[in-house]
Amino acid sequence: MGLFSAKDREFGAKLDRLAASVTAHGGRVVGRHVQRRGVSHGGAARMTEPFSRRTLVSPGKAREIAQAVRVADVGVAVFVNPLTEHQRAVLGDMFGCLVISGEDLATVDR
């Protein structure tokens, strides 16, 4: 999962790298969710900012992901983006599972 600037043409490759890291750590990728920032006229000025300090992504996208996580019975949701402890807690409550970032997987490798 990830929030990407509309100018980021490499978002697919970033998700591919994250998926490879999840698989390398014994996980199984069951879905991908992308939110693009700056696609609309109003979002262009805030392209690099999160939609929400609480959830990183928009409330609607967070609900969409939460639904998919529950249907797939996901144990860990992994975001490409760095997450604050508050975002992890809020998203974890919404999703009903552990929420981490790709950075967390990278630290396991060290």
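Residue numbering note: each chain is counted from 1, following its sequence as written. Selection of residues for local features in this predicted model requires a pLDDT of at least 70, selection of side-chain atom pairs for listing and counting requires 80 or more, and totals for whole chains, interfaces and linings are taken over all residues. Water and hydrogen atoms play no part in the side-chain values, which are based on all heavy atoms of the structure.

Trainee: Report on the overall build of the chain, specifying residues and quantitative values.
Mentor: Numbering of helices and strands starts at the N terminus; helices are DSSP runs of H or I of at least 4 residues and strands are runs of E of at least 2. Scanning the chain from N- to C-terminus turns up four helices and four strands. Ordered by position in the sequence, the α and β elements of the chain form the string β-α-β-α-β-α-β-α. Per-residue accessibility, obtained with a 1.4 Å probe over protein chains only, is compared with the maximum for each type, and a residue is labelled buried under 20%, exposed over 50%, and partly exposed between these values. Across the 110 residues of the chain, 42% fall into the buried class. Contacts are assigned to residue pairs that have any heavy atoms within 4.5 Å of one another. Taking contacts inside the chain between residues at least 6 apart in sequence as the whole, the part at least 24 apart equals 56%.

Trainee: An account of the packing of aromatic side chains is needed here, citing residue identities and associated values.
Mentor: Ring pairs shown here join Phe, Tyr and Trp side chains whose ring centres sit within 6.5 Å, with only the six-membered ring taken for Trp; geometry is labelled stacked below 30 degrees between planes, edge-to-face above 60, and tilted in between. Under the definition given, this model contains one aromatic pair. Aromatic pair Phe-4 and Phe-11: ring centres 5.7 Å apart, planes at 45°, arrangement tilted. On the basis of relative accessibility, which here comes to 4%, the residue Phe-4 falls in the buried class. Judged by its relative accessible area of 25%, Phe-11 falls in the partly exposed class.

Trainee: Now, about the side chain of Gln-87: what can you tell me, with residues and values included?
Mentor: Mapped onto the elements, Gln-87 comes out in helix α3 (residues 85-95). There is a polar contact of 2.9 Å between the side chain of Gln-87 and the backbone nitrogen of Thr-84. Setting aside anything within four residues of it in sequence, one finds Gln-87 in contact with Ser-52, Arg-53, Arg-54, Thr-55, Leu-56 and Pro-82. Any N or O atom pair separated by 3.5 Å or less is treated as a polar contact, with the protein-specific requirement of one donor-capable and one acceptor-capable atom, and with residues adjacent in sequence counted only for side-chain atom pairs.

Trainee: Can you explain the nonpolar core? Please cite residues and give values.
Mentor: Side-chain atoms within 4.5 Å link the members of a nonpolar core, which is a set of buried Ala, Val, Leu, Ile, Met, Phe, Trp, Tyr and Cys residues. Core analysis: the largest hydrophobic core is formed by 16 residues, its most contacted members being Phe-79, Phe-95 and Val-99. Put simply, the parts of the chain that give this core at least two residues each are α2 (59-72), β3 (76-79) and α3. No other element matches α2, which puts four residues into this core. Here Phe-79 is in contact with Met-1, Gly-2, Leu-18, Leu-56, Val-57, Leu-91, Phe-95, Val-99, Ile-100, Ser-101 and Gly-102, once residues within four sequence places are set aside. Counting residues in hydrophobic clusters, the runner-up holds five residues, among them Leu-18, Val-22, Val-78 and Ile-100.

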